[in-house]
Amino acid sequence: MGEMMLRLLSGLLLAVAPLRASLRNVTAEVLGAEAWGRVAAFGDFNADKQTDLFIVRGGNELRIFLADLKSTPYFNPKVKLSLESEGLIITSVVPGDYNGDSQMDVLLTTVPKGQTGNELSAVIYWGQNQDLHINQKLQLNRTYSDEPLVMDFNGDLIPDILGVPTGSQSPLITYGGDLLVSGSLNTTRAMFLPHSHAFIDLTGDFTADLFLTTVADNKDIQFEIWENQSGNFSAVTFIHTKPTDAKVVGQSIFADFDGDGNQDHLLPVCEDDQCLKSVIYYMKHGSTQWVPALQNFNNANTLWGFVVPSSPLVLSLPITLHIGDYNIDGYPDALVVLRNTSGSNQQAFLLENVPCKDTTCSRMFEVHWDIPDLNQIKDAEVAAFYDIYEDGILDIIVLSKGNSVDKAINVLTNNFEADAYFVKVIVLSGICSNDCPDKVKPFGVNQPGPYIMYTTVDANGYLKNASVGQLSQSAHMSLQLPYNVLGLGRSANFLDHLYVGIPRPPGEKQIRRHEWTAIIPNSQLIVIPYPHNIPKSWSARLYLTPSNIVLLTAIALIGVCVVILAIIGILHWQEKKADDREKRQEAHRFHFDAM
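Notes on the overall build of the protein chain
1) Next: Regarding its fold elements, the protein chain presents four helices and 40 strands.
2) Next: Against the compact-globule benchmark of 25 Å for 595 residues, the protein chain has a radius of gyration of 27 Å, which places it among compact chains.
3) Next: Along the longest, intermediate and shortest principal axes, the C-alpha atoms of the protein chain span 120 × 60 × 50 Å.
4) Next: Counting all 595 residues of the protein chain, 58% fall into the buried class.
5) Next: Here the contacts in the protein chain between residues at least 6 apart in sequence split such that 55% fall between residues at least 24 apart.
6) Next: Taken as a whole, the protein chain presents about 25,000 Å² of accessible surface, with 52% of it coming from carbon and sulfur.
7) Next: Treating the 42 positive side-chain charges of the protein chain as one cloud and the 65 negative ones as another, the clouds have centres 4 Å apart.

Put into structure tokens, the structure is as follows:
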């Protein structure tokens, strides 16, 4: 009865309330006077189930802004790590638990101040009691030619580091936990710079595969998929090339673009060196053909295009899409920074995932050219999604040009005119559950590699599914969130099935996957895969996120219960009256028989 009422309510809302969204600039409310610096990563550093900001300032100082719903402003700088005395510039920040103690550490890549070459040092600062100290660190004994990919190569759910050492072509894997043991990947091709490697399930078996961007013999870019076979990455299983007309290639991104439960390959490219002709292609899962997802960048006789990467490469921003389900309809949207090809302005734009207008494809991007608060941010450089206030609706952070060193941070909330449904999932490391060392909470861990998929029935009764990989990329301002928001549209049904899979160690043939059923929409699910090798023992903690729809649903359910109770009461009263009448008749009949 409850699910029937949810479906009925969903159908009524679908008929009377179209789904719209608007943005409102709340920078002053959430950051106050601290809205400057380069947002480099996201993570729950103090394990309070709220996502914090990792911000680089002055090029050599890391500040961690802790989120707190009870404070004003929402973000406050609590942790400071300065490398000024060492003369280093921070190029990337990757939070994670690199020693397996269930506390968040921070991996930094750095270059000496003034250096223009691609020779990056890597250092891990250990997290202890929700703090970082300059003298609690591990300096890796090699330098890298590009920012490394953080992944779980050996399936122990402790992040490993994959990067190409300076002077070499083959990637080297430094295993987390020990960090003194390394292994190599047997590839014959050099890595493309800047790479867009990824660690995500591309075969549909809930085990993360390895995607590499490499350079072919003719110096052209190629994409290699190393399938995880029984926990091993032993050989390339699939190779494909970039689109024929592409001259400048951006970062590969993976998303369930068409909502079929499989990951598709998205690729922004320019068909000329100046990016006057920009295109976003996608390759559907299981296909070998590139299909345009967006090729019309013309608005009111103004031609827009991608921003051409600048030099030096070590500090440049490659062409990147940041993916997120902005309107919670189950299809991932994107944020991108474009420049006016006939002027100097750069702006961030929202790309909505919509049905194709012809039969050449199933889905495509449509640019929202006119969003007032977003359009007011000039000289934008990076735009990414972020869930402010942890309400399950993705908001937007835009970095724009500030002074010569730091960026200006702009925060915009996403306000819906009609509620939609979602489920928010985060998969933890599962190294411990309730018995963590030093009684730490296991929430503050960024874990790469888990794969999530759901199946449900939409408001029209059709089967609906979607999938997403957690923290599949870590280099070149990927700015991926440590959680995943899966949109359900206005389907108020329970999720019939929610599947979670994690990487497996070498030699293990059994897939590590667990299934949950009847998940309540508009909820946050925290999955603890403990112990790793016994999926049926994994636990999940469900937190309900209140919304107007939840309130209306509760009222509807209470109303139904009241009506049912009233009907039962009336029927009971009528039955009691009939019983009394029968008793009187029986007594009357007995009286006359006695005479």
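Concerning the packing of aromatic side chains
1) Next: In total, this model carries 20 aromatic pairs according to the counting rule given.
2) Next: Summarising the aromatic geometry, the rings of Phe-211 and Phe-254 are spaced 4.7 Å apart at their centres and angled 75° between planes, so their arrangement reads as edge-to-face. Residue Phe-211 is located in strand β16 (residues 209-215), and its partner Phe-254 is located in strand β20 (residues 253-255); the two are separated by 43 residues in the primary sequence. Both residues of the pair, Phe-211 and Phe-254, count as buried.

Brief notes about the sheet that holds strand β12 (residues 172-174)
1) Next: Read across the sheet, four strands follow the order β10-β11-β12-β13 without closing on themselves; strand pairing throughout is antiparallel. The open sheet has two free edges, formed respectively by β10 (149-151) and β13 (182-184), since each of these has just one partner strand. Direction aside, neighbouring strands of the sheet carry axes that sit 25° apart on average.

A few points about a nonpolar patch on the surface
1) Next: A contiguous nonpolar surface patch, about 250 Å² in accessible area, is contributed by Ile-520, Leu-542 and Leu-544.
2) Next: Topologically, Leu-544 is positioned in strand β40 (residues 539-544).

Points about the nonpolar core
1) Next: Core analysis: the largest hydrophobic core is formed by 50 residues, its most contacted members being Val-39, Leu-53, Phe-75, Tyr-386, Ile-397, Val-398 and Ile-409.
2) Next: For Ile-397, the contacting residues outside a window of four places in its chain are Val-39, Phe-42, Leu-53, Val-382, Ala-383, Ala-384, Tyr-386, Ile-409, Asn-410 and Val-411.
3) Next: Listed in part, the 28 residues of the second largest apolar core include Ala-255, Val-336, Val-354 and Cys-361.

Description of the confidence of the model for the protein chain
1) Next: Confidence in the prediction for the protein chain averages 88 pLDDT; 92% of positions are at 70 or higher.
2) Next: Low pLDDT, under 50, characterises residues 1-20; the predicted model gives this stretch 35 contacts beyond four residues in sequence or across chains.

Points about the pairing of strand β39 (residues 523-528)
1) Next: Within β39, six of the six residues are buried, leaving the element largely enclosed by the surrounding structure.
2) Next: Residues of β39 alternate between two faces, with Ser-523, Leu-525 and Val-527 on one and Gln-524, Ile-526 and Ile-528 on the opposite face, all of them buried.
3) Next: Pairing analysis gives five bridges linking strand β33 (residues 421-427) to β39, with the strands arranged parallel. Bridge pairing links Val-425 to Leu-525 in β39.
4) Next: Pairing geometry for β39 and β40, over six bridges, is antiparallel. Within the sheet, the bridge partner assigned to Val-527 lies in β40 and is Ala-540.

Notes on the pattern of salt bridges
1) Next: According to the stated counting rule, one finds 15 salt bridges in the structure shown.
2) Next: One salt bridge connects Arg-57 with Glu-34, and the closest N-O pair in it is separated by 2.8 Å. In this pair, Arg-57 sits in strand β3 (residues 52-57) while Glu-34 sits in the loop between α2 (27-31) and β2 (38-43), placing the two residues 23 residues apart along the sequence.
3) Next: Here the residues in one salt-bridge network are Glu-61, Arg-63 and Lys-80, joined through shared partners.

Analysis parameters
- Residues numbered from 1 in each chain as written.
- Predicted model: local features only at pLDDT ≥ 70, side-chain atom pairs only at ≥ 80, totals over all residues.
- Heavy atoms only, no water.
- Helix = DSSP H or I, 4+ residues; strand = E, 2+ residues; numbered from the N terminus.
- Rg over C-alpha atoms; globule rule 2.2 N^0.38 Å.
- Buried < 20%, exposed > 50% of the residue type's maximum accessible area, 1.4 Å probe, protein only.
- Contact = heavy atoms within 4.5 Å.
- Areas by Shrake-Rupley, 256 points an atom, 1.4 Å probe, with all protein chains shown as cover.
- Lys, Arg positive; Asp, Glu negative; His and termini not counted.
- Charge placed at Lys NZ, Arg CZ, Asp CG, Glu CD.
- Phe/Tyr/Trp six-rings, centres within 6.5 Å; stacked < 30°, edge-to-face > 60°.
- Pairing = 2+ DSSP bridges.
- Axes fitted to C-alpha atoms, helices over the stretch in contact; angles between N-to-C directions.
- Patch = residues over 30% accessible without salt bridge, like charges linked within 9 Å, V, L, I, M, F, W, Y side chains within 5 Å.
- Salt bridge = Lys/Arg side-chain N within 4 Å of Asp/Glu carboxyl O.
- Core = buried A, V, L, I, M, F, W, Y, C linked by side-chain atoms within 4.5 Å.
- pLDDT = per-residue confidence, 0-100.

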